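Per-entry structural report
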Amino acid sequence: MAAPPPRRIANMSRREECEVGPKNLSDLTLIHDLLSALNDPYAPNNLIADLVFRIPVLSARCLRRANHALRSIKREDLSQVLTKIGNRGLEAELLQLLEDLTTLKADLDAEAK
């Protein structure tokens, strides 16, 4: 898997950054990769942090859980956030994100009919 270009996740304090939209449905492949990494006891922490970083809405939710007031964050900083919230915090945010995406998909499908 090729590393994505470096980017910053901006304006984490804004509520909109934590809300899902149709564009977030394309993150499902990355979420699957993250779930696989979380189930692998030998997966390095930097792989998990990289995968979370590549899912901006999940990164924003993890930052919100950690109560960070940063305006932007780098990949290295996200590792510290993940350490602060722990695996249970990450899993809670991930499960809520999956629920939100499922609801969004159902709503979009209903509108299309």
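Okay, so let's go over this structure. (Residues numbered from 1 in each chain as written. Predicted model: local features only at pLDDT ≥ 70, side-chain atom pairs only at ≥ 80, totals over all residues. Heavy atoms only, no water.)

1. So, the pattern of salt bridges
Taken as a whole and judged by the stated rule, the model has four salt bridges. Ionic pairing is found between Asp-109 and Lys-105, a salt bridge with its closest N-O pair at 3.0 Å. Of the two residues, Asp-109 and Lys-105 both sit in helix α4 (residues 75-112), four residues apart, roughly one turn of that helix. On the basis of relative accessibility, which here comes to 41%, the residue Lys-105 falls in the partly exposed class. By sharing partners, the salt bridges in this structure join Arg-64, Arg-65 and Glu-93 into a single network. (Salt bridge = Lys/Arg side-chain N within 4 Å of Asp/Glu carboxyl O. Helix = DSSP H or I, 4+ residues; strand = E, 2+ residues; numbered from the N terminus. Buried < 20%, exposed > 50% of the residue type's maximum accessible area, 1.4 Å probe, protein only.)

2. Some details on the side chain of Ser-59
Mapped onto the fold, Ser-59 is located in helix α3 (residues 56-65). A polar side-chain atom of Ser-59 sits 2.7 Å from the main-chain carbonyl oxygen of Val-52. (Polar contact = N/O pair within 3.5 Å; in protein donor to acceptor, adjacent residues only side chain to side chain.)

3. Some remarks on the packing of helix α1 (residues 28-39) against helix α2 (residues 45-53)
Contact geometry of α1 with α2 gives a least axis separation of 10 Å together with a crossing angle of 160 degrees. The pairing of α1 with α2 is recorded here as roughly antiparallel in orientation. Every pair of crossing elements has a handedness; the one defined by α1 and α2 is left-handed. Contacts between α1 and α2 involve Asp-33, Leu-34, Ala-37 and Leu-38 on the former and, on the latter, Leu-47, Ile-48, Leu-51 and Val-52. Within the contact of α1 with α2, the residues separate by chemical class into seven nonpolar, no polar and one charged. (Axes fitted to C-alpha atoms, helices over the stretch in contact; angles between N-to-C directions. Parallel < 35°, antiparallel > 145°, perpendicular 65-115°, else oblique. Left-handed = near helix turned anticlockwise from the far one by under 90°. Contact = heavy atoms within 4.5 Å. Nonpolar A, V, L, I, M, F, W, Y, C, P; charged D, E, K, R; others polar.)

4. Some words on the state of the cysteines
Evaluation of the coordinates by the stated rule reveals zero disulfides. With no disulfide partner, Cys-18 has as its closest neighbouring cysteine sulfur the one in Cys-62, 9.5 Å distant. (Disulfide = S-S within 2.5 Å.)

5. What to know about α1
The end-to-end C-alpha distance of α1 is 17 Å, a good match for the 16 Å that 12 residues give at a rise of 1.5 Å each. Among all positions in α1, only Leu-30, Ile-31, Leu-34 and Ala-37 are buried. Axial view of α1: buried residues confined to an arc of 120 degrees, hence all on one face. For α1, the exposed residues set more than 90 degrees away from the buried face come down to Thr-29, His-32 and Asn-39. (Expected span 1.5 Å × (residues − 1). Arc of directions from axis to C-beta.)

6. Observations concerning the nonpolar core
Counting residues in hydrophobic clusters, the biggest one holds 26 residues, and the most contacted among them are Leu-34, Val-52, Ile-55, Leu-58, Cys-62, Leu-82 and Leu-90. Of all the secondary-structure elements, those providing two or more residues to this core are α1, α2, α3 and α4. The element best represented in this core is α4, accounting for nine residues. (Core = buried A, V, L, I, M, F, W, Y, C linked by side-chain atoms within 4.5 Å.)

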